[in-house]
Amino acid sequence: MKIKLNEEIIEYCKILKLKGIRTHFEEAMNESTDYEDFLHKLLTYKMEEKDKRSIDCRIRNAHLPYRQYFEDIEMDCLPADMQRKLPELATLDFIEKGKNIIMTGNPGTGKTMVSIALGLKACMAGYKVLFTTVPLLVTTLKECNSTKTLRYFENRFEKYDLVIADELGYTSFDREGTDLLFNNLSLRAARKSTIITSNLSFERWVEVFGDPTVTSAMIDRLTYKAILVNMEGDSYRLRETLRESGASMNFDKLII
C-alpha cells in the first residue's frame, strides 16, 4: 500500500511539476516529527528549488562568458589598488547606491575576471545583470537604431541593476556609435551601476571616441561618484601560472 502511495505521489508531482517535493518527500517524511514539520520541510525544499532556478535564469540572461567565483581569485596576484578595494566591492553596496566602477590598466591584470565575479555574485544576490563588450554594445545599438527598435532596447538596458561593459579601448567608433553609447550610458548615470573596463587611461579615451568634447562629457558622466580602480600591474594569468608551477620571476625584467 505504501509503495503504491509513493508511486502516486511521484506521478502527481510530475504532473504538477513539483520537482523539489518529488525529489525530497521521502526524506522529509523520514526526518519529520509531525504533519506540520513534514509540510514545512516539503515547502522549504520547494522554495530552495525555486530560488536555484531563479539564480540559474539570471546567470543565463546575464551572458557572462564564464563563471568566476570570488573564492577562486588569487588576491595577491591582483594589482595593489584592486587588492585594497575588492573586499568593499564584494559587498555589492555600489549597486544599491547606483555607483559605477571604472577599471583602467594594461591588459591581463584581472579586470574582466573581477568584473565577472562581481556580476556572478550580483546574479546570486537577486540583481539583474548584463555582461557585454563595449564593441558589441555599440554594434547592437547601431543595429537597433537602423531597424527602429532602439527605444525597446533602451527600455531594457536602463533597467539592469548592473551592466558590465568590457574592453573599452580595443576599437574606435564612428560618430553614430559614440553618440549612441554616450546616450545609453547616460541613461543609467547616478541611478544604476555600470562596470567599465579599459586598457586605456582616461586621457587616451579620445582615441576611442574621436571627439574631445564628447569624450570629456562621457568621462564626466561615468566617473561622477564612481569607484575608480587602477589596474596597472603585472599579468594576473602569468603570476597565477608561475605560482601553480612553483616558479618565480622578476617581473621588472620580463619583456613580452
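What you are looking at is a predicted structure, and each value in this text was computed from that prediction instead of being measured. (Residues numbered from 1 in each chain as written. Predicted model: local features only at pLDDT ≥ 70, side-chain atom pairs only at ≥ 80, totals over all residues. Heavy atoms only, no water.)

**Q** I keep staring at the nonpolar core and nothing clicks. Help me out?
**A** Soluble globular proteins tend to bury their nonpolar side chains together. Counting 34 residues, the largest nonpolar core has Met 82, Phe 94, Ile 101, Met 103 and Leu 118 as its most contacted members. The element contributing the most residues to this core is helix H6 (residues 111–124), with 8 residues. Excluding anything up to four places from it in sequence, Leu 118 contacts Phe 70, Leu 89, Ala 90, Leu 92, Phe 94, Ile 101, Met 103, Leu 162 and Ile 195. Leu 141, Phe 153, Ile 196 and Val 208 belong to the second-largest nonpolar core, a separate cluster that totals 28 residues. (Core = buried A, V, L, I, M, F, W, Y, C linked by side-chain atoms within 4.5 Å. Buried < 20%, exposed > 50% of the residue type's maximum accessible area, 1.4 Å probe, protein only. Helix = DSSP H or I, 4+ residues; strand = E, 2+ residues; numbered from the N terminus. Contact = heavy atoms within 4.5 Å.)

**Q** Any chance you could explain the pairing of strand S4 (residues 193–198) here in plain terms?
**A** Strand residues, when the strand is regular, have side chains that alternate between the two faces of the sheet. Of all 6 residues that make up S4, 6 are buried, and the element is covered over most of its length. Neither face of S4 is exposed, since Ser 193, Ile 195 and Thr 197 on one face and Thr 194, Ile 196 and Ser 198 on the opposite face are all buried. As paired strands, strand S1 (residues 101–104) and S4 are joined by 4 bridges and run parallel to one another. Paired with Ile 102 across the two strands is Ile 196, which belongs to S4. (Pairing = 2+ DSSP bridges.)

**Q** Help me out: how do you make sense of a nonpolar patch on the surface in this one?
**A** Nonpolar side chains collect at one region of the surface, where Tyr 12, Ile 15 and Leu 16 lie side by side and expose about 360 Å² of accessible area between them. Structurally, Ile 15 is set in helix H1 (residues 2–16). Given the relative accessible area of 59%, Ile 15 is considered exposed. (Patch = residues over 30% accessible without salt bridge, like charges linked within 9 Å, V, L, I, M, F, W, Y side chains within 5 Å. Areas by Shrake-Rupley, 256 points an atom, 1.4 Å probe, with all protein chains shown as cover. Salt bridge = Lys/Arg side-chain N within 4 Å of Asp/Glu carboxyl O.)

**Q** Honestly, the side chain of Thr 194 in this entry has me stumped. Any pointers?
**A** Positionally, Thr 194 belongs in strand S4. A polar atom in the side chain of Thr 194 sits 3.0 Å from the side chain of Arg 188. Contact partners of Thr 194, with chain neighbours within four places excluded, come to Lys 99, Asn 100, Ile 101, Leu 162, Val 163, Leu 185 and Arg 188. (Polar contact = N/O pair within 3.5 Å; in protein donor to acceptor, adjacent residues only side chain to side chain.)

**Q** For this particular structure, what's the right way to read the environment of Glu 203?
**A** Mapped onto the secondary structure, Glu 203 falls in the loop between S4 and helix H10 (206–209). Distance in space between the C-alpha atoms of Glu 203 and Tyr 170 is 15 Å, their sequence separation being 33 residues. A distance of 3.1 Å separates a polar atom in the side chain of Glu 203 from a polar atom in the side chain of Ser 201.

**Q** Hey, could you run me through unusual backbone geometry in this one?
**A** Glycine aside, the phi torsion of most residues is negative, and most peptide linkages are trans. The residue Leu 92 is not glycine, and still its phi comes out positive at about 65°. The residue Leu 92 is located in the loop between helix H4 (80–89) and helix H5 (93–96) in this model. Overall, Leu 92 belongs to the buried group, its relative accessible area being 5%. Of note, the phi angle at Lys 225 is positive, near 60°, even though the residue is not glycine.

Read these as geometric descriptors, not functional statements.
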